Each structure stands twice: as C-alpha cells, then as structure tokens.
Amino acid sequence: MANPGFNLEQYIMHHVTNAHQWRLPFLPPLELPSFLSLHALMLFFCAAFLIVLFVFCFNKKDRVPHGMTNLLEAFVVFIRDDIAVNCLGEKDGRKMTPLFCTFFFFILGLNLMGLIPLFSTATANVNVTAALALVTLSFMIFGAIYKNGFMGFVKALVPSGVPAPILIILVPIEVLGLFIKTFALTIRLFANMLAGHIVIFALLGLVVLLGFAALPAVVLALFIYVVEILVCFLQAYIFTLLSAMFIGQMYHPAH
Amino acid sequence: MTPKIDKSNFQHVSIGLNVATGMFVFSYLGFLADKKWGGQAWTLVGILLGLVYSAYEIWKLIRQLNDQDKKT
C-alpha cells in the first residue's frame, strides 16, 4: 500500500509551479506554446470568465436585481462604498471603483480557480502578484502626480512635524517605503496562496506515501480546503483594501 | 445601525508584513552592496536602516491612530 518510491517534494512542486503543459485526465498532456505558460492560460480563462459573467449574466436593466445580478451587485456596492469611497473620498472613490472591482474579482477568480481540479493557481506565482501590485504602484506614483502635480507628489513623501535634519534620512526611506509597501503586497498574496496549496498537497501526498495509515490526513486536507475558500475571499479583499488605502494615502496625503 | 468603520486608516492590517519586508529589503540591499564592494559593513547599515524604517512605520501608525482618537 505504501509507496516508498514516491517523491513528495516533486509531487508538491509539480502542482504549485508554473509549466508549459496542461495535464488533463485520460488525455495526453496538452503542450502549450512557449509564449503561454499554464498560469498565463489561467489568467486568460479568468478574464474570459469575468467578461462572460459581467457582460451576459449581469443584467443592469433590472430595476430590482435578482439572481446573479443581485450577488454581483452586493460585491460591487461593497467595494464601492466600503473600500473605494472610504479610502479615496466620494469623488475619487467613485472614479476608481472599476479598478478596485477588477482587482477584487480578478484575484478572487484566480484564487478560486486554484481550488478547482484541473486548473492551477495563477496567484501562487510571484510574477502575477507582482504585476498586480505594479498596477497599484503606478497609481501611487503616476496617479498621484496626475492628481496633485509633481510638487504635490513630492510633498506627500515629506512627513510633517519632523525637524529638517531628520528629513535627510526619512525622505529616502519614505521613497523606498513606496516600493516596500508594493513588495509586501506582492508577497502577501503570493505567500498566502502558495502556502495554502502546499499544505493541501502535502497532506494529500501523505496518502500516496503512507497508504491507508494516512487516511485521516484527507479529512485534514478537506478542512484546509474549506479554510482556503475563506482565504481566497480574504486575500482578494485585503489586496483590494490595501491598494485602495495606499493609493488614497498618496492622493490625499495626511498633513 | 452600527457605526461605519473608517477603513482609510486600516494600516495596522499591513504593518506586520511591511516591517518584515522593510527589514528584508534594506538588509538585502546592504548584502548586495557588500558583495560588490567587499566587507560586511553595508549589511550592518542595511539592517540598521531596516530597523529605522520599521520604527518609522510604527511611529506613523501610532500618530495616525492618535489623530483619529483626537477627532472622535
């Protein structure tokens, strides 16, 4: 029953890392072209799914939303009122809501796709999360310059109520802080998604390694799987909230 | 109706990882500088700057929360 030749590490890494092959059951592996990796394919799937969801399933003409429209509208209104307007103010918040909705639904879609068999988690790839965080960074820099002008952007980096000599240290630190915040945003989403999946695969791998003796691990894996669903929503929310907060801090710097 | 929470100052959600990332980034920059120019001094400077950054982030958060308290 036990399988001593089984390499648990290889098994886990095979499931969480990017590849140029899409393995489908009962079929030969689907070779992907060099410009399209498995995670990139998942990004396209998620984007296509979101387009279908919001173009065809979201009925704006409904006076009283029901069904799918009602579900999606609850999320959109929550993002608009509780995240965008709360962090950026009424005017900017409403303007920026599409960006935060895109962040939320795209990340949520990618996270949840990782929990469906056959699909892979694109957000467990640091390149994907870094690209998403770079969008936030570009709004923190160029959006703030567009809104407040270049001098306004520089002023946002100078903390108030600090003696001038200390500013020599604090201003470069504040500039680096922009990048550190973005880096933290990248790592937070990437690490949370990767860690959860590694735990699930490690527990399931025990069954192959040890046979029936490790059957309780399946129950534990199921428990982690359910927790992962919560983590998917939580991480999408945290990413959106922190993006809104960081952009809001640059748009409306504290005095 | 429950009062609406102002999420614009939700910085404490991110403070932990911000501090950790700050320490990592500054220390790593110091490590890279040492690799290029030799010695060990730059790593120490990096760690020190990481500590300064962490203290600064916490100070900013405390100041923000104090301001919020004064308003309410």
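Residues numbered from 1 in each chain as written. Chains lettered and ligands numbered in written order. Predicted model: local features only at pLDDT ≥ 70, side-chain atom pairs only at ≥ 80, totals over all residues. Heavy atoms only, no water.

Remarks on the overall build of chain B
A count of helical and extended segments in chain B gives 2 helices and 0 strands. The 72 residues of chain B split such that 33% are buried. Within chain B, residue pairs in contact and separated by at least 24 positions form 63% of the contacts whose partners lie at least 6 positions apart. Total accessible area on chain B is roughly 4,800 Å²; 70% of this is exposed by carbon and sulfur atoms. (Helix = DSSP H or I, 4+ residues; strand = E, 2+ residues; numbered from the N terminus. Buried < 20%, exposed > 50% of the residue type's maximum accessible area, 1.4 Å probe, protein only. Contact = heavy atoms within 4.5 Å. Areas by Shrake-Rupley, 256 points an atom, 1.4 Å probe, with all protein chains shown as cover.)

Brief notes about the overall build of chain A
Looking only at helices and strands, chain A has 6 helices and 2 strands in total. Going residue by residue from the N terminus, the α and β elements of chain A occur as α-β-β-α-α-α-α-α. With the C-alpha coordinates of chain A rotated into their principal frame, the extents come out at 70 × 55 × 40 Å. Among the 255 residues that make up chain A, the fraction classed as buried is 45%. Within chain A, contacts between residues at least 6 apart in sequence are counted, and of these 69% link residues at least 24 apart. A total of about 13,400 Å² of accessible surface is found on chain A, and carbon and sulfur atoms cover 74% of it. With 12 positive and 10 negative side-chain charges, chain A shows a separation of 10 Å between the mean positions of the two kinds. (Lys, Arg positive; Asp, Glu negative; His and termini not counted. Charge placed at Lys NZ, Arg CZ, Asp CG, Glu CD.)

Thoughts on the pattern of salt bridges
Per the counting criterion, the structure on display carries 5 salt bridges over all chains. Note that Lys60(B) is salt-bridged to Glu57(B), the shortest N-O span being 3.7 Å. Placement of the pair is Lys60(B) and Glu57(B) together in helix H2 (residues 41–71), with a separation of 3 residues, close to one helical turn. According to the relative accessible area criterion, Lys60(B) is buried, its value standing at 17%. Taken together, the shared-partner salt bridges connect Glu174(A), Glu57(B) and Lys60(B) into one network. (Salt bridge = Lys/Arg side-chain N within 4 Å of Asp/Glu carboxyl O.)

Side note on the interface of chain A and chain B
Of the residues lining the interface, 26 residues belong to chain A; the matching set on chain B comes to 26 residues. Around 2,200 Å² of area is buried between chain A and chain B when both sides are counted, 65% of it from carbon and sulfur atoms. Counting the surface chain A buries against chain B, the share from its top three residues, Asn86(A), Ile173(A) and Ile180(A), is 25%. Here Lys60(B) makes a salt bridge to Glu174(A), at a shortest N to O gap of 3.2 Å. At the surface where chain A touches chain B, the tally comes to 2 residue pairs in polar contact (both at pLDDT 80 or more). Listing elements by their share of the side of chain A that touches chain B, those giving two or more residues are helix H3 (68–113), helix H5 (164–210) and helix H6 (216–251) of chain A. It is H5(A) that contributes the most residues to the side of chain A that touches chain B, 11 residues altogether. Broken down by class, the residue content of the side of chain A that touches chain B amounts to 16 nonpolar, 5 polar and 5 charged. (Buried area = accessible area lost by both parts, 1.4 Å probe. Polar contact = N/O pair within 3.5 Å; in protein donor to acceptor, adjacent residues only side chain to side chain. Nonpolar A, V, L, I, M, F, W, Y, C, P; charged D, E, K, R; others polar.)

Side note on the packing of aromatic side chains
All names here are of chain A. Scanning the entire structure with this criterion turns up 19 aromatic pairs over all chains. Geometrically, the ring pair formed by Phe 54 and Phe 105 is edge-to-face, given 5.0 Å between the ring centres and 70° between the ring planes. Placement of the pair is Phe 54 in helix H2 (residues 38–57) and Phe 105 in helix H3, with a sequence separation of 51 residues. By the ring-pair criterion, three or more aromatic residues cluster together here, those being Phe 54, Phe 58, Phe 75, Phe 104, Phe 105 and Phe 233. (Phe/Tyr/Trp six-rings, centres within 6.5 Å; stacked < 30°, edge-to-face > 60°.)

Regarding the packing of H3(A) against H6(A)
Residue and element names in this part refer to chain A. Close contact between H3 and H6 brings their axes to 8 Å; oriented N to C, the two are set at 145°. Where H3 crosses over H6, the handedness of that crossing is right-handed. Grouping the constituent residues of the contact of H3 with H6 by class yields 23 nonpolar, 5 polar and 1 charged. (Axes fitted to C-alpha atoms, helices over the stretch in contact; angles between N-to-C directions. Left-handed = near helix turned anticlockwise from the far one by under 90°.)

Topic: unusual backbone geometry
Residue and element names in this part refer to chain A. A positive phi angle, close to 65°, is found at Phe 26, a residue other than glycine. Take Phe 26: its relative accessible area is 88%, and that puts it in the exposed class. The phi dihedral of Leu 118 is positive, around 85°, even though this residue is not glycine. As for its position among the elements, Leu 118 is in the loop between H3 and helix H4 (126–156). Take Leu 118: its relative accessible area is 44%, and that puts it in the partly exposed class.

Observations regarding the environment of Gly177(A)
All names here are of chain A. Along the chain, Gly 177 falls in helix H5. Owing to a relative accessible area of 4%, Gly 177 belongs among the buried residues under this scheme. Along the sequence, Gly 177 and Ala 221 sit 44 residues apart, while their C-alpha atoms lie 38 Å from each other.

Looking at a nonpolar patch on the surface
A surface patch of nonpolar side chains, amounting to about 690 Å² of accessible area, comprises Ile168(A), Ile169(A), Trp37(B), Trp42(B), Val45(B), Leu49(B) and Val52(B). Going through the elements one at a time, H5 of chain A together with H2 of chain B are the ones with two or more residues in the nonpolar patch. Along the chain, Ile168(A) falls in helix H5. Residue classification places Ile168(A) among the exposed residues on the basis of a relative accessible area of 66%. (Patch = residues over 30% accessible without salt bridge, like charges linked within 9 Å, V, L, I, M, F, W, Y side chains within 5 Å.)

As for the nonpolar core
Residues Phe100(A), Leu132(A), Leu178(A), Phe239(A), Ile247(A) and Met250(A) are the most contacted members of the largest nonpolar core, which totals 67 residues. It is H3(A) that contributes the most residues to this core, 18 residues altogether. Setting aside chain neighbours within four positions, we find Leu132(A) in contact with Phe103(A), Phe106(A), Ile107(A), Leu189(A) and Phe239(A). Of all hydrophobic cores here, the second largest spans 8 residues; its members include Val162(A), Val25(B), Phe26(B) and Tyr53(B). (Core = buried A, V, L, I, M, F, W, Y, C linked by side-chain atoms within 4.5 Å.)

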